[in-house]
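Structural overview
Spelled out, the chains give:
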Amino acid sequence: MTPVDDDAPPASAAESLALIRQEQAKAARVVGLNPLLYYVPWGLAWFIGFGLLFLRYGPDGKVFVDLPAWLPLASLFVLMALAMLSTILVSAIRGRSLEGRSSWQGSAYGFAWFFAFAGVGTTMSHFAKLLPEAERGLLWATASVGLVGAMYMCGAAIWLSRDMFIFGAWLTLINIAGVLAGAGWHSLIISLGGGGGLILLGLLFQFRGKRA
């Protein structure tokens with residue numbers, strides 16, 4: 001029997017193509033993680049948090065559900081903290097399989113989020129106290145959501161993702177609509193269009209990943 005040389009090059013172009021696809025699939029299993037782990041926690045945080053804000057602090061100060069005054073904002077912050085923890089853990093696991101340019105892109109993009117929100121938070125803290133309470137909340141919400149929309153569009157340029165750009169643009173448009181509609185309505189718009197949109201985006205990426 002003739003021994004098989006595992007290091008021998010493929011005998012044909014078809015075998016070469018099959019080998020390339022096999023290695024791509026192997027790399028995808030190592031590097032790729034369930035996109036639902038990225039998007040659904042943030043989607044639920046926005047959907048529930050901003051939804052509670054709408055129910056407690058509706059348009060023109062209307063109270064749809066008499067919740068404790070502290071509960072909506074506390075719920076939003078706790079859910080966002082849990083979503084951030086999930087993102088950090090998933091990113092750390094994924095980062096173990098990346099090196100070189102991809103690793104640098106992911107790290108730089110992650111730090112960009114941190115520094116951008118640190119800058120916006122400092123600015124809002126300084127100027128928000130000059131506004132009435134209802135407008136103060138609207139300013140914080142619109143500035144934060146606007147920054148998220150811009151970061152998604154920047155991320156689209158890095159990862160070459162049309163879906164990320166479309167969602168970032170969508171988030172920017174509904175944020176503008178919420179500002180024009182006023183306090184209360186903004187919370188409802190972001191809860192449904194932002195939180196719901198993040199969940200749908202995660203489902204879309206998951207569906208495409210399975211098809212691929």
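Residues numbered from 1 in each chain as written. Predicted model: local features only at pLDDT ≥ 70, side-chain atom pairs only at ≥ 80, totals over all residues. Heavy atoms only, no water.

**Some details on the overall build of the protein**
Each helix and strand in the protein was counted, giving 7 helices and 0 strands. Tracing the protein from N to C terminus, the helices and strands come up as α-α-α-α-α-α-α. Looking at the 212 residues of the protein, the share that counts as buried comes to 30%. Summing over all exposed atoms, the protein offers an accessible surface of approximately 13,500 Å²; the carbon and sulfur share of this is 69%. (Helix = DSSP H or I, 4+ residues; strand = E, 2+ residues; numbered from the N terminus. Buried < 20%, exposed > 50% of the residue type's maximum accessible area, 1.4 Å probe, protein only. Areas by Shrake-Rupley, 256 points an atom, 1.4 Å probe, with all protein chains shown as cover.)

**Side note on the nonpolar core**
Of all hydrophobic cores here, the largest spans 22 residues; its most connected members are Tyr39, Trp46, Phe50, Tyr152, Met164 and Leu171. Of all elements in the fold, only α2 (36-56), α5 (133-159), α6 (162-181) and α7 (185-211) reach the threshold of two or more residues within this core. (Core = buried A, V, L, I, M, F, W, Y, C linked by side-chain atoms within 4.5 Å.)

**A short note on the packing of α2 against α5**
Closest axis-to-axis distance for the α2/α5 pair is 14 Å, and the angle between their directions is 160 degrees. The orientation of α2 relative to α5 falls into the category roughly antiparallel. Helix-helix and strand crossings are classified by hand; for α2 and α5 the assignment is left-handed. Packed against α2, whose contacting residues are Tyr39, Trp46 and Phe50, the element α5 presents Ala141, Val145, Val148 and Tyr152 at the interface. Tallied by class, the residues present in the contact of α2 with α5 amount to 7 nonpolar, no polar and no charged. (Axes fitted to C-alpha atoms, helices over the stretch in contact; angles between N-to-C directions. Parallel < 35°, antiparallel > 145°, perpendicular 65-115°, else oblique. Left-handed = near helix turned anticlockwise from the far one by under 90°. Contact = heavy atoms within 4.5 Å. Nonpolar A, V, L, I, M, F, W, Y, C, P; charged D, E, K, R; others polar.)

**Comments concerning α2**
The end-to-end C-alpha separation of α2 is 29 Å, in line with the 30 Å expected for 21 residues at 1.5 Å each. Where α2 is concerned, the buried positions are Tyr39, Gly43, Ala45, Trp46, Gly49, Phe50, Gly51, Leu52, Leu53, Phe54 and Arg56. (Expected span 1.5 Å × (residues − 1).)

**Description of α6**
An ideal rise of 1.5 Å per residue puts 28 Å on 20 residues; α6 measures up with 28 Å between its terminal C-alpha atoms. Buried within α6 are the following residues: Asp163, Met164, Phe167, Gly168, Leu171, Ile174, Asn175 and Gly178. Seen end-on, α6 carries its buried residues on one side only, within an arc spanning 135 degrees. Projecting away from the buried face of α6 at angles above 90 degrees are the exposed residues Arg162, Leu173 and Leu180. (Arc of directions from axis to C-beta.)

**Quick word on the packing of aromatic side chains**
The final tally for this structure, using the stated rule, is 13 aromatic pairs. With a centroid separation of 5.5 Å and an interplanar angle of 55 degrees, the aromatic rings of tyrosine 39 and phenylalanine 205 are classed as tilted. One end of the pair, tyrosine 39, is in helix α2; the other, phenylalanine 205, is in helix α7, and 166 residues separate them in sequence. Measuring from centroid to centroid gives 5.9 Å for tryptophan 46 and phenylalanine 50, while their planes differ by 80 degrees, and the two rings are edge-to-face. One end of the pair is tryptophan 46 and the other is phenylalanine 50, both in helix α2 and 4 residues apart, which spans about a single turn. For the pair formed by tryptophan 46 and phenylalanine 50, the shared burial category is buried. One aromatic cluster is present, built from ring pairs that chain together Tyr38, Tyr39, Tyr109, Trp113, Phe117, Tyr152, Trp159, Phe167 and Phe205. Residue placement shows arginine 56 over the ring face of tyrosine 57; its charged tip is 4.8 Å from the ring centre. (Phe/Tyr/Trp six-rings, centres within 6.5 Å; stacked < 30°, edge-to-face > 60°. Lys NZ or Arg CZ within 6 Å of the ring centre and 35° of its normal.)

**Digging into a nonpolar patch on the surface**
A cluster of nonpolar side chains, contributed by Leu44, Phe47, Ile48 and Leu192, occupies part of the molecular surface with about 350 Å² of accessible area. The element best represented in the nonpolar patch is α2, accounting for 3 residues. Among the residues examined, leucine 192 registers a relative accessible area of 51% and is labelled exposed. (Patch = residues over 30% accessible without salt bridge, like charges linked within 9 Å, V, L, I, M, F, W, Y side chains within 5 Å. Salt bridge = Lys/Arg side-chain N within 4 Å of Asp/Glu carboxyl O.)

**Some details on the packing of α5 against α6**
Contact pair α5 / α6: the axes reach a minimum separation of 7 Å and the direction vectors enclose 165 degrees. Regarding the angle of α5 to α6, the classification is roughly antiparallel. In the packing of α5 onto α6, the handedness of the crossing is left-handed. Facing α5, whose interface residues are Ala141, Thr142, Val145, Gly146, Val148, Gly149, Tyr152, Met153, Gly155, Ala156 and Trp159, α6 presents Met164, Phe165, Phe167, Gly168, Ala169, Leu171, Thr172, Asn175 and Val179. In terms of residue class, the contact of α5 with α6 is built from 13 nonpolar, 7 polar and no charged.

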